[in-house]
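Okay, here's what each chain looks like letter by letter:
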Amino acid sequence: MPAAPTAPRGAAVPDPSPTEELARRAAGGDRAALDGLLAAIRPEVVRRCGRFLPCREDAEDAAQDVLLQVARGIGTFEGRSRFSTWLYTVVANCARQKYRELKRRSAEQPVPADAAQQADPRTTSVIAGSRIDLLEALDRLEREHPHLVAPLVYRDICQLGYAEAAERAGIPLGTLKSRLHEARRQVRPWLS
């Protein structure tokens, strides 16, 4: 049986993922690749935003923000890590920003006495659902222990592997595990 062909010594082994290839080409300025990349990642982006935001419309709004950020910032993707890792950071940041915006808007709008009967889901989504507790906990954690937020978001929400989460957070694996343990310990009482 003949041996499988191998890449020349020193040559990079290409990532088999079409999305990763589109991202590399888009980062290099290929507009057609960027269009293809945005179309390819949209369903995953909406799904990931939905992990943060319980209202579908809010998740879709955040997903639009993510796609816009990807289109504007794809040139900063250097390819040192996987595109999916870079994307999860953008998703987490945009979804959390959308939550803060909704929360602020909700706090600014006075609620008339009879409006409780006919609540608008666009303004009440920030107080509905169990994920809101997590978003509140993340906001509190960010105020009190900002260095613990990234490990918790990357590992528990974005569901990156430990090594990938450590790489994305820019810290050693042992530090990531330690901070993750502490972050979980901090947020546990806030979620009950």
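This one's a predicted model, so the numbers in the text were calculated from it and none came from an experiment.

### What to know about the nonpolar core
1) Next: Within the largest apolar cluster, 51 residues are counted, with the highest numbers of intra-cluster contacts made by Val-70 and Phe-83.
2) Next: Listing elements by their share of this core, those giving two or more residues are helix 1 (18-27), helix 2 (31-52), helix 3 (56-73), helix 4 (83-108), helix 6 (131-144), helix 7 (149-157), helix 8 (162-169) and helix 9 (173-191).
3) Next: By residue number, the principal contributor to this core is helix 4, which donates ten residues.
4) Next: Those residues in contact with Phe-83 that lie beyond four places of it in its chain are Thr-19, Glu-20, Ala-23, Leu-37, Ile-41, Val-70, Ile-74 and Phe-77.

### Description of the confidence of the model for the protein
1) Next: For the protein, per-residue confidence averages 79 on the pLDDT scale, and residues scoring 70 or more make up 79% of the total.
2) Next: Scored below 50 in pLDDT, residues 1-15 shows two contacts in the model against residues more than four places distant or in partner chains.
3) Next: Taken together, the stretch residues 113-129 has pLDDT below 50 and engages in 21 contacts with residues farther than four places along the chain or on a different chain.

### Details of the environment of Ile-41
1) Next: Tracing the backbone through its elements, the reader meets Ile-41 in helix 2.
2) Next: Exposure remark for Ile-41: the relative accessible area of 5% places this residue in the buried category.
3) Next: Apart from residues no more than four positions distant in its own chain, Ile-41 is found in contact with Thr-19, Leu-67, Val-70, Phe-83 and Leu-87.

The rules behind these values
Residue positions are given per chain, counting from 1 as you read along its sequence in written order. Where totals are concerned, whole chains, interfaces and linings use all residues; where local detail is concerned, this predicted model gives features only for residues with pLDDT of at least 70, and gives and counts side-chain atom pairs only at 80 or more. Side-chain numbers come from the whole structure's heavy atoms, not from hydrogens or water. The term nonpolar core refers to a set of buried residues drawn from Ala, Val, Leu, Ile, Met, Phe, Trp, Tyr and Cys, joined through side-chain atoms within 4.5 Å. Whether a residue is buried, partly exposed or exposed follows from its accessible area with a 1.4 Å probe, protein chains only, as a fraction of its type maximum: under 20%, in between, or over 50%, in that order. Comment: elements are numbered from the N terminus, with helices defined as DSSP H or I runs of at least four residues and strands as E runs of at least two. Between two residues, a contact is recorded if the distance between any of their heavy atoms is within 4.5 Å. As a per-residue quantity, pLDDT reports the predictor's confidence and falls between 0 and 100.

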